[in-house]
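Chain by chain, the residues run as shown.
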Amino acid sequence: MLIQLDFSAVLSSWPLLVRGLAWTIGLTIVGTVLGLLLGTACAWARARNLGPRAAPLRWAVAAYVELVRNTPFIVQLFFLFFGLPALGLKLSPEVASVLAMVINLGAYSAEIIRAGIEATPRGQIEAAQSLALTPGQTFRRVVLPPALLKVWPAMVSQIIVMLGSAVCGQISTPELSYAANLISSNTFRAFEAFILATLVYLVLSMLTRRLLMWVGARFLVGR
């Protein structure tokens, strides 16, 4: 049986696709920035010896990382959107999506960054201490940049996975996959709608990878 492709009906709904693309890019940017900040803080808490008083913090971070890394993203998303209202906390689809993406990336990036931190030679830290740098300055200026440089390719691959924001369409967040599904329902052209969505995701992933590798080369290698 021959398939007669007709993209005209799908392309006529281009405002929905553009809006969905904008939401996908926005979710990815916000989720990436906040997720990396959260992951860096968690990696610092797990990799640094903060003394016996900080043991509960390390345990809490370890529990968070293991819980998130060993449960599906869609379950985390559904828990935030459908589960929290039972506790009296109702989130909009957009807020629940951002929060789920931040929590998810934070856990994965924490382990990636921790690997880079633990690979930092002890001599560099001792040299920073001999220059009377504070622990915070030592971490920001001496430990973190080379640690990120070591793990940046793995981090880029994990950030690309953040295009899993497509799952957020399951709770009516108006991102790209939600737009494609809506166009499919309106035009009965599911094949064409998701072909376009697939191509957009592919181009977006390639551009994102190139941009992130440029960022790593510009701001990490050059340090």
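To keep things clear, this report deals only with the structure shown in the data block. Please read all numbers here as calculations on a predicted model, not as lab measurements.

1. Some words on a nonpolar patch on the surface
Reasoning step 1: On the surface, Ile-25, Ile-29, Val-30, Val-33, Leu-34 and Leu-37 cluster together to form a nonpolar patch covering roughly 500 Å² of accessible area.
Reasoning step 2: Relative to the helices and strands, Ile-29 resides in helix α2 (residues 14-47).

2. A look at the environment of Leu-17
Reasoning step 1: Mapped onto the secondary structure, Leu-17 falls in helix α2.
Reasoning step 2: Residue classification places Leu-17 among the buried residues on the basis of a relative accessible area of 15%.
Reasoning step 3: Sequence separation of Leu-17 and Val-167 is 150 residues, and the distance between their C-alpha atoms is 16 Å.
Reasoning step 4: Each residue touching Leu-17, except ones within four places of it in the same chain, is listed here: Val-10, Leu-176, Ala-179, Ile-183 and Leu-196.

3. Observations concerning the side chain of Arg-114
Reasoning step 1: Relative to the assigned elements, Arg-114 resides in helix α5 (residues 93-118).
Reasoning step 2: According to the relative accessible area criterion, Arg-114 is buried, its value standing at 19%.
Reasoning step 3: If we ignore the near neighbours within four places in the chain, the residues touching Arg-114 are Ala-43, Arg-46 and Ala-47.

4. Thoughts on the packing of aromatic side chains
Given two aromatic rings, one states the distance between the centres and the angle between the planes to describe the pair.
Reasoning step 1: Under the definition given, this model contains three aromatic pairs.
Reasoning step 2: On the basis of an interplanar angle of 80 degrees and a centroid distance of 5.3 Å, the ring pair of Phe-78 and Phe-82 is categorised as edge-to-face. Here the residue Phe-78 and the residue Phe-82 both occupy positions in helix α4 (residues 73-83), the gap between them amounting to four residues, near one helical turn.
Reasoning step 3: In this structure Phe-78 comes out as partly exposed when scored by relative accessible area, which is 31%.
Reasoning step 4: Of the aromatic side chains, those joined through ring pairs into one cluster are Phe-78, Phe-81 and Phe-82.

5. Re the packing of helix α3 (residues 55-69) against α5
Reasoning step 1: Where α3 contacts α5, the two axes come as close as 9 Å, and the packing angle between them is 110 degrees. In this view, α3 runs roughly perpendicular relative to α5, as classed from their interaxial angle. Judged by the sense of rotation from one axis to the other, the crossing of α3 with α5 is left-handed. When α3 is examined against α5, the residues Tyr-64, Val-65, Val-68 and Arg-69 are found in contact with a partner set consisting of Val-102, Ile-103, Asn-104, Gly-106, Ala-107, Tyr-108, Ala-110 and Glu-111.
Reasoning step 2: A per-class count over the contact of α3 with α5 returns eight nonpolar, two polar and two charged.

The rules we used
Residues numbered from 1 in each chain as written. Predicted model: local features only at pLDDT ≥ 70, side-chain atom pairs only at ≥ 80, totals over all residues. Heavy atoms only, no water. Patch = residues over 30% accessible without salt bridge, like charges linked within 9 Å, V, L, I, M, F, W, Y side chains within 5 Å. Areas by Shrake-Rupley, 256 points an atom, 1.4 Å probe, with all protein chains shown as cover. Salt bridge = Lys/Arg side-chain N within 4 Å of Asp/Glu carboxyl O. Helix = DSSP H or I, 4+ residues; strand = E, 2+ residues; numbered from the N terminus. Buried < 20%, exposed > 50% of the residue type's maximum accessible area, 1.4 Å probe, protein only. Contact = heavy atoms within 4.5 Å. Phe/Tyr/Trp six-rings, centres within 6.5 Å; stacked < 30°, edge-to-face > 60°. Axes fitted to C-alpha atoms, helices over the stretch in contact; angles between N-to-C directions. Parallel < 35°, antiparallel > 145°, perpendicular 65-115°, else oblique. Left-handed = near helix turned anticlockwise from the far one by under 90°. Nonpolar A, V, L, I, M, F, W, Y, C, P; charged D, E, K, R; others polar.

What is shown is where atoms sit, not what they do.
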